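Single-letter residue listing:
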Amino acid sequence: MIKVEHLTKRYGSHPAVEDVSFTCEPGTVTGFLGPNGAGKSTTMRMICGLTPPTSGAATVCGVPYRRLGNPGRRIGVLLDASAQHGGRTGREVLALSALTMGVDSAEATRALDRVGLNATAARRRVKRYSLGMRQRLGLAHALLGDPAVLVLDEPANGLDPEGIFWMRGLLREFADRGGTVLLSSHLLREVEAVADHLVVIGGGRVVAQGARDELLASAGTLVRALDPAALGAALHRAGLTGTPTTDGGVVVRAGAEAIGRAAAESGVALLELRPAGSGGLEQIFLELTAGESVREAVR
Ligand SMILES: Nc1ncnc2c1ncn2[C@@H]1O[C@H](COP(=O)(O)OP(=O)(O)OP(=O)(O)O)[C@@H](O)[C@H]1O
């Protein structure tokens, strides 16, 4: 379990993270979402004892990270896939860590297999790795000590679609076996498919959090009409407000019945009327983090 309580980090007068609280339960994947500069990495660094908080606290398995004996056996961390020594081979990186953690060196081979790095890749120097291979090595490193908790900062960076699909499966399986996963992303669609819980951060503050399915259910209704301008006018007349989607629909914070009635009263022909689901969540994400680099967030 990870518990984050009122974490705050200020650099001079700049609040990088402001009063952030959330809990990651065993058996779940928590998606930590926010645009660039929102405070995700700073929060994760505070969880892992790398950045001292200005105030507040974080615990992993009930204790602050720095008080964990042999932390790699309790929590697997991937904060920066490029941080490995470029002159070492993938196998050397893992073998050294296995030695430090007191893990059998055979586990290094198992971890490499688990992340899809074959014997040729394992013999190659890390400086010759692609970003995707570095992410896989970072993940192998995080898994090496068979921890109960994983903290991964933007682990999908550099992975191709097949790699992202593979990683989701790995994280899901880890959580289904009772593990706790916290993973960050600036792309909603990347975490939505695997996360049970979402914590959305913008400008250093948590702007929304909860079960993914509940957030999805509260995401409004998507409506699409033959004549979008007429639909806009009909919604306006009914006192309903909507946010246009990028593909010509409108997400309205109201139920299908209210929207259907408003359209019918104005004689507007509808092409689509359904729970907005992830499209609506995307709109909420955009609204909540407005002013941040939102375009990139929903790319
Ligand atoms: N060491 C530091 N000194 C000063 N400011 C910092 C430092 N580290 C982070 N910040 C600032 O804190 C804020 C949050 O940064 P952080 O890296 O945590 O965001 P992020 O959500 O991880 O973004 P990204 O997705 O771009 O990595 C930013 O405004 C950043 O400039």
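Residues numbered from 1 in each chain as written. Predicted model: local features only at pLDDT ≥ 70, side-chain atom pairs only at ≥ 80, totals over all residues. Heavy atoms only, no water.

1. Focus: the site of the ligand
- In the vicinity of the ligand, the contacting residues are Tyr11, His14, Ala16, Pro35, Asn36, Gly37, Ala38, Gly39, Lys40, Ser41, Thr42 and Glu154.
- Contact between the ligand and Gly37: an oxygen atom at 2.7 Å from a main-chain N or O atom of the residue.
- Relative to its unbound accessible area of 630 Å², the ligand is 59% covered by the protein chains.
- Within the residue set of the shell around the ligand, elements represented by two or more residues are strand E2 (14–24) and helix H1 (40–47). (Near = heavy atom within 4 Å. Polar contact = N/O pair within 3.5 Å; in protein donor to acceptor, adjacent residues only side chain to side chain. Areas by Shrake-Rupley, 256 points an atom, 1.4 Å probe, with all protein chains shown as cover. Helix = DSSP H or I, 4+ residues; strand = E, 2+ residues; numbered from the N terminus.)

2. Some thoughts on the pattern of salt bridges
- Applying the stated criterion across every chain yields a total of eleven salt bridges.
- Among the salt bridges present, the one from Arg172 reaches Asp176, with a minimum N-O distance of 3.2 Å. Taken together, the residues Arg172 and Asp176, both in helix H6 (residues 161–176) and four residues apart, mark about one turn of the helix.
- Take Asp176: its relative accessible area is 56%, and that puts it in the exposed class.
- A salt bridge links Glu173 to Arg177; its shortest N-O distance comes to 4.0 Å.
- Residue class for Arg177 comes out exposed when judged on its relative accessible area of 55%.
- A network of salt bridges, in which partner residues are shared, links Arg10, Glu18 and Arg205. (Salt bridge = Lys/Arg side-chain N within 4 Å of Asp/Glu carboxyl O. Buried < 20%, exposed > 50% of the residue type's maximum accessible area, 1.4 Å probe, protein only.)

3. Quick notes on the domain arrangement of the protein
- Annotation of the protein at the domain level lists domain 1 (2–211) and domain 2 (216–297).
- Relative to domain 2, the C-alpha centre of domain 1 lies at a distance of 35 Å.
- Contacts between the two partners involve 16 residues from domain 1, matched on the other side by eleven residues from domain 2.
- Around 1200 Å² of area is buried between domain 1 and domain 2 when both sides are counted, 60% of it from carbon and sulfur atoms.
- Between the two partners, domain 1 and domain 2, sit zero salt bridges. (Domains from an automatic or database assignment. Contact = heavy atoms within 4.5 Å. Buried area = accessible area lost by both parts, 1.4 Å probe.)

4. Observations concerning H1
- For H1, the tally of buried residues reaches six of eight residues, placing the bulk of the element in the interior.
- For H1, the complete set of buried residues consists of Lys40, Thr42, Thr43, Met44, Met46 and Ile47.
- In the stretch just after H1, Gly49 is the one whose phi turns positive, near 70 degrees.

5. Quick look at the sheet that holds strand E13 (residues 270–275)
- Ordered in space as E11-E12-E10-E13, the four strands form an open sheet in which the pairing is antiparallel. One side of each edge strand has no neighbouring strand; the edge strands of this open sheet are strand E11 (242–244) and E13. In this sheet, adjacent strand axes meet at a mean angle of 25 degrees when their direction is disregarded.
- Pairing analysis gives three bridges linking E11 to strand E12 (residues 250–252), with the strands arranged antiparallel. Its bridge partner lying in E12, Thr243 is registered against Val251.
- Sheet strands touched by helix H10 (residues 256–265): strand E10 (221–225), E12 and E13. Its angle to E13, the strand with the most contacts, is close to 165 degrees. (Pairing = 2+ DSSP bridges. Axes fitted to C-alpha atoms, helices over the stretch in contact; angles between N-to-C directions.)

6. A look at the pairing of strand E8 (residues 197–202)
- Most of E8 sits inside the fold, with five of its six residues counted as buried.
- Bridging between E8 and strand E9 (residues 205–211) involves six bridges; their strand directions are antiparallel. Across the sheet, the residue bridging to Leu198 is Gly210, located in E9.
- Counted between consecutive antiparallel strands, the loop separating E8 from E9 contains two residues, among which Gly203 sits at a positive phi close to 60 degrees.

7. Re the packing of aromatic side chains
- For the coordinates displayed, the defined rule picks out one aromatic pair.
- Each ring, one from Phe22 and one from Phe32, has its centre 5.3 Å from the other, and the planes form 45 degrees; the classification is tilted. Of this pair, Phe22 sits in strand E2 while Phe32 is found in strand E3 (residues 28–33), placing the two residues ten residues apart along the sequence. With respect to burial, Phe22 and Phe32 carry one shared label: buried.
- Lying over the aromatic face of Trp166, Arg136 brings its terminal NZ or CZ to 4.4 Å of the ring centre. (Phe/Tyr/Trp six-rings, centres within 6.5 Å; stacked < 30°, edge-to-face > 60°. Lys NZ or Arg CZ within 6 Å of the ring centre and 35° of its normal.)

8. Observations regarding the sheet that holds E8
- Pairing is mixed in the open sheet, where six strands are placed in the order E5-E6-E7-E3-E8-E9. Looking at the sheet topology across the chains shown, the edges are occupied by strand E5 (75–78) and E9. Direction aside, neighbouring strands of the sheet carry axes that sit 15 degrees apart on average.
- Bridging between strand E6 (residues 149–152) and strand E7 (residues 180–185) involves four bridges; their strand directions are parallel. Across the sheet, Leu152 pairs through a bridge with Leu183, a residue of E7.

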